[in-house]
Amino acid sequence: MSNPIIENEKKFGANNYAPLPVVLVRGEGVYVWDDAGNRYLDMMSAYSAVSHGHCHPRLVKVLQEQAAKLAIVSRAFYTDKLGAFLERACKLTGFEKALAMNTGVEAVETALKAARKWAYSIKGVAENKAEIIACNGNFHGRTITAVGLSSTPQYRKGFGPFPDGLKLIPFGDVDALEKAITPNTAAFLVEPIQGEGGINVPPQGYLKACAEICKKNNVLMICDEIQTGLGRTGNLLAFQHEGIQPDAIVLGKALGGGLLPVSLFLTRKEVMDVFMPGDHGSTFGGNPLAAAVGKAALDVLIEEHLIERAAELGKYFQEKLRTLHSPLIKEVRGRGLLIGLEIDGRYDAHEICLKLLKHGILTKETHKTVIRFAPPLIISKEQIDVVINALNQVLVEAEMELA
Ligand SMILES: *Cc1c(COP(=O)(O)O)cnc(C)c1O
């Protein structure tokens with residue numbers, strides 16, 4: 001049964017992931033194919049990085065043309081692509097300025113650096129006293145700062161010491177935020193829906209109340225929209241469901257159109273202007289290849305109505321999931337096409353994912369009991385029906401094993 005390709009990756013690669021036993025060689029739209037030619041429906045879409053679908057033809061064309069023309073020059077020079085990308089991103093999201101990085105965690109780091117410098121230079125916090133508040137169950141990436149903010153023991157264990165000035169509060173608890181704020185608080189960093197934490201949707205009105213508390217206390221509210229943003233939840237940005245505009249956001253994942261790592265930190269002019277030449281940077285951040293693809297990814301999102309699709313098909317998908325009356329389903333939750341299916345603890349969600357794989361459905365559990373359904377936003381009703389049927393069969397099999 002062992003596949004030499006898998007054995008080779010294991011032999012030469014680090015052991016920091018536990019992939020499902022499938023070797024993917026090709027992708028198109030919502031489908032991927034393995035090395036034996038089997039086709040799968042991708043319900044993971046690379047943790048939302050492939051919202052546009054695999055190898056979107058228009059995005060591939062932009063990538064190929066720009067790669068053949070000019071790809072990397074560093075920020076030591078201007079290019080004809082960066083400004084247009086940042087303008088598109090700012091105007092769509094309602095922020096004044098944007099700073100381009102590559103991966104999500106780099107955008108998070110950028111946001112935290114901006115918030116600290118803003119606290120010292122504008123808010124008047126004493127040097128080295130600035131505090132950042134985040135939530136239990138968060139996921140903001142894997143650098144030492146980001147895992148320093150994590151409440152998940154495994155993410156932290158063995159990687160300390162962590163930076164000072166990081167505080168955690170319960171997610172969804174407005175009073176806890178109010179109590180945690182001090183005159184030294186620079187920012188509150190929050191995911192509108194916790195993705196890796198288990199697709200946790202906060203109570204209605206939570207973000208709005210947080211925005212009011214932050215404003216009252218002169219604290220920056222920074223929404224981590226890396227997973228929830230760019231249409232995933234049925235709005236361009238998930239915070240828009242509550243009619244607010246936070247002080248800043250970070251975007252990543254789908255911003256690269258499923259082709260490249262592209263991330264952004266977006267905020268008001270007052271905050272961004274704390275950065276001076278030499279304060280912060282990235283060799284690859286904002287390169288013309290990434291800028292061209294990032295702008296096209298935003299254009300495709302709007303022009304192909306992917307946001308509306310996520311709203312409509314997410315509703316359809318969730319309704320269908322709720323018709324599955326399996327005793328193994330504890331809860332269906334999420335928004336748009338960011339959906340979590342909580343499985344009864346008597347059964348391992350990972351085993352369900354392995355069974356789904358055999359039925360041609362790719363997905364992955366998060367936190368042992370939650371199965372994630374976050375397909376490309378281009379998925380159709382018919383494809384959702386295929387997933388529902390497969391899931392139904394898998395749940396029946398699993399129930400029989402328990403009985
Ligand atoms: C994936 C993710 C990150 C980290 O992004 P990387 O590109 O993996 O560094 C940060 N925040 C959230 C909410 C994410 O889902």
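Keep in mind it's a predicted model, so treat the numbers as computed, not measured.

Section: the packing of aromatic side chains
Any pair of aromatic rings gets described here by the distance separating the centres and the angle formed by the planes.
Part 1: Scanning the model with the defined rule gives four aromatic pairs in all.
Part 2: Pairing Y31 with W33 gives two aromatic rings, centres 6.3 Å apart and planes at 50 degrees, and the pair type is tilted.
Part 3: Relative to Y206, the ring of F171 lies with its centre 5.6 Å away and its plane at 75 degrees, an arrangement referred to as edge-to-face. With F171 in the loop between β6 (166–169) and α8 (174–180) and Y206 in helix α9 (residues 206–216), this pair connects stretches of sequence that are 35 residues apart.
Part 4: Here the guanidinium or amino end of R142 rests over the ring plane of Y155, the centre of that ring lying 4.1 Å away.

Some words on the pairing of strand β9 (residues 248–251)
Residues in a regular strand project their side chains so that they alternate between the two faces of the sheet.
Part 1: Side chains A248 and V250 project from β9 onto one buried face, and the interleaved I249 and L251 project onto a second face that is buried too.
Part 2: Note: strand β8 (residues 220–224) against β9, three bridges, orientation parallel. In the strand pairing of β9, C223 is matched with I249.
Part 3: Summarising the sheet, β9 and strand β10 (residues 263–267) pair through four bridges and their orientation is antiparallel. When the sheet's bridge partners are listed, V250 is paired in β10 with F265.

Brief notes about the sheet that holds strand β13 (residues 361–362)
Part 1: Read across the open sheet, the four strands follow the order β1-β2-β3-β13; overall the sheet is mixed. For this open sheet the edge positions go to β1 (24–28) and β13, each flanked by a neighbour on one side alone.
Part 2: Note: strand β3 (residues 39–42) against β13, two bridges, orientation parallel. If you follow L41 over to β13, its bridge partner there is I361.

Looking at the sheet that holds β10
Part 1: Pairing in this open sheet of seven strands is mixed, and the strands run β4-β10-β9-β8-β7-β5-β6 from one edge to the other. Strand pairing shows two members of the sheet lacking a second neighbour, β4 (97–101) and β6, which therefore form its edges. Neighbour-to-neighbour, the strand axes of this sheet turn through a mean angle of 20 degrees, independent of strand direction.
Part 2: Here α9 sits on the sheet in contact with β5 (131–135), β7 (185–190) and β8, set at roughly 170 degrees to β7.

A word on the environment of L177
Part 1: Within the fold, L177 resides in helix α8.
Part 2: A sequence separation of 215 residues divides L177 from N392, and the C-alpha atoms of the two residues are 41 Å apart.
Part 3: Sequence-distant contacts of L177, that is, excluding residues within four places in its chain, are made with I133, I169, F188, C210, I213 and C214.

Side note on the site of the ligand
Part 1: What surrounds the ligand is the set T103, G104, V105, F139, H140, G141, E191, D224, I226, Q227 and K253.
Part 2: V105 has a polar backbone atom sitting 2.8 Å from an oxygen atom of the ligand.
Part 3: Its residues assigned to classes, the shell around the ligand comprises three nonpolar, five polar and three charged.

Quick notes on the pattern of salt bridges
Side-chain pairs of opposite charge can arise where the charged atoms are in close proximity.
Part 1: This structure, assessed with the given rule, holds 24 salt bridges.
Part 2: Ionic pairing is found between D299 and R88, a salt bridge with its closest N-O pair at 2.5 Å. With D299 in helix α11 (residues 288–303) and R88 in helix α4 (residues 82–93), this residue pair connects regions lying 211 residues apart in the sequence.
Part 3: Classification of D299 as buried rests on a relative accessible area of 9%.

Comments concerning the packing of α4 against α11
Part 1: Between α4 and α11, whose axes approach to 8 Å, the crossing angle comes to 35 degrees. Note on packing geometry: the crossing formed by α4 with α11 is left-handed. Touching L82, A84, F85, R88, A89 and L92 of α4 are A291, G294, K295, L298, D299 and I302, all from α11.
Part 2: Looking at the contact of α4 with α11 residue by residue, the class counts come to eight nonpolar, one polar and three charged.

Reading guide: rules and limits
- Residues numbered from 1 in each chain as written.
- Predicted model: local features only at pLDDT ≥ 70, side-chain atom pairs only at ≥ 80, totals over all residues.
- Heavy atoms only, no water.
- Phe/Tyr/Trp six-rings, centres within 6.5 Å; stacked < 30°, edge-to-face > 60°.
- Helix = DSSP H or I, 4+ residues; strand = E, 2+ residues; numbered from the N terminus.
- Lys NZ or Arg CZ within 6 Å of the ring centre and 35° of its normal.
- Buried < 20%, exposed > 50% of the residue type's maximum accessible area, 1.4 Å probe, protein only.
- Pairing = 2+ DSSP bridges.
- Axes fitted to C-alpha atoms, helices over the stretch in contact; angles between N-to-C directions.
- Contact = heavy atoms within 4.5 Å.
- Near = heavy atom within 4 Å.
- Polar contact = N/O pair within 3.5 Å; in protein donor to acceptor, adjacent residues only side chain to side chain.
- Nonpolar A, V, L, I, M, F, W, Y, C, P; charged D, E, K, R; others polar.
- Salt bridge = Lys/Arg side-chain N within 4 Å of Asp/Glu carboxyl O.
- Left-handed = near helix turned anticlockwise from the far one by under 90°.

No statement about biological role is implied by the geometric values presented.
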